[in-house]
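Tertiary structure, described
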Amino acid sequence: MAFAVALIILIVGSVLFHILSPWYLTPLASNWGMIDFTIDVTFWVTGFVFVAVNAFMAYCIIKFRYNKEKRSEYQPENHKLEFWLTAITAVGVAAMLAPGLIVWAEFVTVPEDADEIEAIGQQWHWSYRLPGDDAKFGNVDAKLITDDNPFGMDPDDPHGQDDRLIESNVVHLPIGRNVKINLRSKDVLHNFTVAQFRVKMDLVPGLVSYLWLKPTKVGEFEVLCEELCGIGHFAMRGKVVVDEAADYEAWYAAQPTYADILARPQGDPVAGQAQYAVCVACHGPQGEGMPVMNSPKIAGQEDWYLRRQLNYYKIGARGAHPQDTFGQQMAPMVMTLVDDQAMEDVIAYIGTLPDEPAEATITGDAERGEDLWVTCGACHGHEAQGIKALNAPRMAGMTDWYLARQLENFKADIRGRHDDDLYGWQMAEMARILKDDDAINDVIAYINTLGETQVAAASAGAGAAYSGAEE
């Protein structure tokens, strides 16, 4: 009898939980209301079966409970019962499958007037490509992917010259227009999902999959990867911004084309030396950093990372938090770089500075730090050399007290929580594996053991690049 009561409580509790629960599907923001209908049908069919089966079990337990005056009856076959069970099961299965088949047929049939974009997934971020005025994508090839050509663009294909390349986790879509999203992976399996759009599809290396939708609400919606793709899978997030037509066109016009990227002027280290005169007071004449000025070493840091951080200071993604005292000092200094050319020049000059390992000031248990570094090394490299493809900068040979401060800032949400700092958001989540100050000191102590090797390698590369520039 107690078991029957437990089943009844289970039924009533489950029904009440569904009715009273605040958790349900996010508000629909696309044309795929039919997907919600199929989910509802599946819920009602399975919910009915759940209630019916458990209620029947409780009924049987009560009605056929032990009674020494009763005897069981053996019925090896009951054609009537078998007929009804088969018929009801068939109706339930058909009710669940039929709407799904109808929706799938629509899902794979892209309207002829659909605009096309491309979403590219890689560990652990998204980037996007839009066709230019010719409405045709240029050719891409995985063999052409490099740090300087992350999309694998074919420079000899004229259709690719006007493609808009978006090296960002944020993409915009126009409201009320059909959009086909072609999906491409550069490394492992990923899955492109926007919950409010009710669409998701796997990205398979070597293949191009797709989905389509029509956005129906203006707003920002989160892009998720729902395929376990590695240690940073949970932080592989982005945004889809749905705009009114005029806002979308303005955004689209501001995105660089492949031709624009190829035509970007190279930095001039000679001109950059003059620009660096403002930086030298804090970062030192050789970019070695000055603890007394709370300025880290920048010599030897990768140019793409310097460029990103300078841009972040300019747009307020860094240096705006009221508790980021030193970031607030840096932000106005960046404004002395009046345009992109000035920024490229000073970055080019920094690349010519000697790369000596920063003095180690933090002590800790390097052996324990090596164990902690296993997670960090998945992005920053086993030797802390930095990996551009993973948006992770070099750490070996850099200023250790600055690394400690930034890890503390990430953990305290002082850095990495600005809406425009999506990669900082990833780091803020990962920094939480370092539970206390001892863990931070230990991992930095291990990084310090890697410094001399990486400094030597980086110096050799920088010297070769500078010699090439002089030639």
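Coordinates for the structure precede this section.
Now for a quick tour of the structure. Since this is a predicted model, take the numbers as computed values, not measurements. (Residues numbered from 1 in each chain as written. Predicted model: local features only at pLDDT ≥ 70, side-chain atom pairs only at ≥ 80, totals over all residues. Heavy atoms only, no water.)

This next bit is on unusual backbone geometry. Residue W124 is bonded to the preceding Q123 through a cis peptide linkage, with omega at -10°. Mapping W124 onto the fold places it in the loop between β1 (115–122) and β2 (125–130). Non-glycine residue R198 carries a positive phi angle of around 60°. For R198, the position within the fold is in the loop between β6 (190–194) and β7 (199–203). One non-glycine residue, N294, lies in the positive phi region at around 60°. (Helix = DSSP H or I, 4+ residues; strand = E, 2+ residues; numbered from the N terminus.)

So, on to the sheet that holds β7. Pairing between sheet strands relies on hydrogen bonds along the backbone, with the strands arranged either parallel or antiparallel. With mixed pairing, five strands are arranged side by side in an open sheet as β4-β10-β9-β6-β7. The strands lining the two open edges of the sheet, one partner per strand, are β4 (170–174) and β7. For this sheet, the mean inter-axis angle between neighbouring strands, taken without regard to orientation, is 25°. Summarising the sheet, β4 and strand β10 (residues 237–243) pair through five bridges and their orientation is parallel. Each bridged residue has a counterpart across the sheet, and for V170 the counterpart in β10 is K239. (Pairing = 2+ DSSP bridges. Axes fitted to C-alpha atoms, helices over the stretch in contact; angles between N-to-C directions.)

What follows is about a nonpolar patch on the surface. There is a patch of nonpolar side chains on the surface, built from M1, V5, I8, I9, V12, V15, L16, I19, L20 and I62 and spanning about 920 Å² of accessible area. Looking at the nonpolar patch element by element, the count peaks at eight residues for helix α1 (residues 2–20). Note on V12: relative accessible area 44%, which makes it partly exposed. (Patch = residues over 30% accessible without salt bridge, like charges linked within 9 Å, V, L, I, M, F, W, Y side chains within 5 Å. Areas by Shrake-Rupley, 256 points an atom, 1.4 Å probe, with all protein chains shown as cover. Salt bridge = Lys/Arg side-chain N within 4 Å of Asp/Glu carboxyl O. Buried < 20%, exposed > 50% of the residue type's maximum accessible area, 1.4 Å probe, protein only.)

Counted according to the given criterion, the structure contains 14 aromatic pairs. Aromatic pair Y248 and W251: ring centres 5.8 Å apart, planes at 35°, arrangement tilted. With Y248 and W251 both in helix α4 (residues 245–254) and three residues apart, this pair spans about one turn of that helix. The exposure classification of Y248 matches that of W251, with both residues buried. (Phe/Tyr/Trp six-rings, centres within 6.5 Å; stacked < 30°, edge-to-face > 60°.)

Summed over the entire model, instances satisfying the criterion amount to 16 salt bridges. One salt bridge in this structure joins K200 and E226, with 2.8 Å as the shortest N-O distance. One end of the pair, K200, is in strand β7; the other, E226, is in the loop between β9 (219–225) and β10, and 26 residues separate them in sequence. Judged by relative accessible area, which is 42%, K200 ranks as partly exposed. D413 is paired through a salt bridge with R432; the nearest N and O atoms lie 2.9 Å apart. Of this pair, D413 sits in the loop between α12 (400–411) and α13 (422–430) while R432 is found in the loop between α13 and α14 (437–470), placing the two residues 19 residues apart along the sequence.

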